[in-house]
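# Coordinate analysis (summary)
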Amino acid sequence: MSHKKRLKRVNRAVYNILAGRRPVRIALFGLSEKTFEMRTLLAAGLVVIAAGAIAIGAHVNAREEEKRQAFALAEAEANSRAVRVALEPTPTPASTPTPKPAPSPTPDPFAPLRPDVRDARVAELQTRLMELDYMEADEPTDFYGGITKYSLQLFQRAHELQVDGIAGETTLRLLYSEEARPYVTRLGDRGTDVEEFQKRLRELRFLSSRPTGYFGTDTEKAVKAFQHRNKLEEDGKIGAQTREAIYSPDAKAARSSSSSGGSGGSSGSSRRRSMPAINPPNGDNAAAMIGYARAYLGYPYDRGGKGPTSFDCSGFVYWCLKNNGVSLKYMTSSAWANANLPTVTSFSKLEAGDIICFKGHVGIYMGGGQMIDASSSNGKVRIASNISKSSYWSRNFICAKRVY
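For the structure given in this document, a descriptive report is provided here. This is a predicted model, so every value here is computed, not measured. (Residues numbered from 1 in each chain as written. Predicted model: local features only at pLDDT ≥ 70, side-chain atom pairs only at ≥ 80, totals over all residues. Heavy atoms only, no water.)

For the rest of this paragraph, the subject is the overall build of the protein chain. Scanning the protein chain for helices and strands turns up 12 helices and 6 strands. Scored against the burial criterion, the 404 residues of the protein chain give a buried share of 42%. Sequence separation of 24 or more characterises 57% of the internal contacts of the protein chain that already satisfy a separation of 6 or more. A total of about 22900 Å² of accessible surface is found on the protein chain, and carbon and sulfur atoms cover 53% of it. (Helix = DSSP H or I, 4+ residues; strand = E, 2+ residues; numbered from the N terminus. Buried < 20%, exposed > 50% of the residue type's maximum accessible area, 1.4 Å probe, protein only. Contact = heavy atoms within 4.5 Å. Areas by Shrake-Rupley, 256 points an atom, 1.4 Å probe, with all protein chains shown as cover.)

Here the focus is helix α4 (residues 146-158). In a regular helix each residue adds 1.5 Å, so 13 residues correspond to 18 Å; α4 covers 18 Å between its end C-alpha atoms and thus fits that length. Every buried residue of α4 is listed here: Ile147, Thr148, Tyr150, Ser151, Leu152, Leu154, Phe155, Gln156, Arg157 and Ala158. Once α4 ends, the next one or two residues include Glu160, with phi positive near 55°. (Expected span 1.5 Å × (residues − 1).)

What follows covers the pattern of salt bridges. Enumeration according to the criterion identifies 14 salt bridges in this entry. As a salt-bridge pair, Asp119 and Arg121 come within 3.6 Å of each other at their nearest N and O atoms. By relative accessible area, which is 25% here, Asp119 ends up partly exposed. Judged by its relative accessible area of 18%, Arg121 falls in the buried class. With its nearest N and O atoms 3.2 Å apart, the salt bridge here joins Glu131 to Arg128. Of the two residues, Glu131 and Arg128 are both situated in helix α3 (residues 120-131); the distance of 3 residues between them amounts to about one turn of the helix. Looking at Arg128, the relative accessible area reads 18%, which means it is buried. The network of salt bridges with shared partners includes Asp133, Arg243 and Arg303. (Salt bridge = Lys/Arg side-chain N within 4 Å of Asp/Glu carboxyl O.)

With respect to the helices and strands, the residue His361 is situated in strand β3 (residues 361-367). Judged by relative accessible area, His361 falls into the buried class, the value being 0%.

This paragraph deals with α3. Helical geometry: 3.6 residues make up each α-helical turn, so side chains three or four residues apart lie on a common side. End to end, α3 covers 18 Å across 12 residues, agreeing with the expected 16 Å (1.5 Å per residue, within 8%). Every buried residue of α3 is listed here: Arg121, Val122, Leu125, Gln126, Arg128, Leu129 and Met130. Summarising the contacts, the buried residues of α3 are in contact with α4 and α5 (169-175). Positive phi appears at Asp133, one or two residues downstream of α3, with a value of about 70°.

Packing of α4 against helix α6 (residues 192-203) brings their axes to within 11 Å, and their N-to-C directions diverge by 90°. Taken together, α4 and α6 sit at an angle that is classed as roughly perpendicular. Side by side, α4 and α6 meet where Tyr150, Leu154 and Arg157 of the first sit next to Thr192, Asp193 and Val194 of the second. Taken together, the residues of the contact of α4 with α6 sort by class into 3 nonpolar, 1 polar and 2 charged. (Axes fitted to C-alpha atoms, helices over the stretch in contact; angles between N-to-C directions. Parallel < 35°, antiparallel > 145°, perpendicular 65-115°, else oblique. Nonpolar A, V, L, I, M, F, W, Y, C, P; charged D, E, K, R; others polar.)

So, on to the nonpolar core. In terms of nonpolar packing, the biggest core is built from 69 residues, with Leu125, Phe226, Phe316 and Ile364 touching the most fellow members. If sequence neighbours within four positions are ignored, Ile364 has contacts with Met289, Ile290, Ala293, Phe316, Val317, Cys320, Asp354, Ile355, Gln370, Met371 and Ile372. Counting 14 residues, the second-largest nonpolar core is a separate cluster that includes Ala137, Phe347, Ile356 and Tyr365. (Core = buried A, V, L, I, M, F, W, Y, C linked by side-chain atoms within 4.5 Å.)

In the structure shown here, the tally under the stated rule is 0 disulfides. Here Cys313 is not cross-linked by a disulfide; its sulfur's nearest cysteine counterpart is in Cys357, at 9.8 Å. On the accessibility criterion, Cys313 (0% relative accessible area) is buried. Of all cysteine sulfurs, the one in Cys357 lies closest to Cys399, which takes part in no disulfide; the gap is 4.4 Å. (Disulfide = S-S within 2.5 Å.)

A word on the packing of aromatic side chains. Summed over the entire model, instances satisfying the criterion amount to 15 aromatic pairs. With a centroid separation of 5.3 Å and an interplanar angle of 65°, the aromatic rings of Tyr292 and Tyr296 are classed as edge-to-face. Tyr292 sits in the buried class, given a relative accessible area of 3%. Given the relative accessible area of 0%, Tyr296 is considered buried. Seen from their ring centres, Tyr392 and Trp393 are 4.9 Å apart, and the 80° between their planes marks the pair as edge-to-face. Given the relative accessible area of 12%, Tyr392 is considered buried. Among the aromatic residues, those joined into a ring-pair cluster are Tyr292, Tyr296, Tyr299, Phe311, Phe316 and Trp319. (Phe/Tyr/Trp six-rings, centres within 6.5 Å; stacked < 30°, edge-to-face > 60°.)

Geometric descriptors of this kind do not, in isolation, establish any biological role.
Next comes the structure, spelled out in structure tokens:
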């Protein structure tokens, strides 16, 4: 029997066994029935195992294929999405509005300034008062002291405003406007400045009556007489030119004493406080004069004051020199700058005791960069340091006069 036939019989036998068909022919290869059944069962088991393995492998392959296809699909979708994103224009992100900080309140340039306060605007106020000659030239400060108040009152008096010494809106607007007029004293004015002018007119014999602080008709006549004698415009008012001439050492006195009576009013209140005069030291050298000047530190500034209890800058220099053996007449700052005395034109060449002349101001040089003077902006006799390094003093320096 050929091999193919035998294999065919075996297959049929296995099929009959699996199908449960008995009896079957088992004498295919001359084997006993028991042996044939064992081998047939073994073969059937192998066939079952092989079939199971094939089924399992097919199932596993199917699962792997499903996974592969799912991965491929996901990858394809991701690629497609990436292509769409690349082709689509990138949307501009909505700008987040930057929160604007709350605006700081704008400082009111016309907010009132009152005495005894410190404010940066006080320096501007003082500068403007100095420009209009209501305040003696000096280095401005931020302190609203008594002299700043008094100078503002002079401005208010000249412009027929309420004379309260408070820099309110009305006063400030006029002060900084083109309508602001320079300092002038005239008929009807009252104040310590008028009293000082009357004293000087008496010295020059243009006024015989005692000073009262009121600018009456007799004072007006005396002013006109002085202006006529000194070849000035005869308007009866005391402005910058007339005031400079009145206090000049070259001022011409009246040829005969004035016949004027009272000046037409009661005396105004004095701003100067009572202070004892200081006895002059022995000696006439610069060191003695500076030591004498130091004794007046803190004494009040008073425009037109020549001592012994109050001073303006020229009056302080005059008082200290007068009491230390220097025979010079009272001179204003501009008169000092033009005085026929040895002149120093550089800060670096100053010596102790020199009289330093600035635009509208004079002081006494102490050495070491220090100056002692009657300061309008500080309202008292004080010591200023490092004047050669100060932009204000450097800018306004004219010269110095050597008296020792």
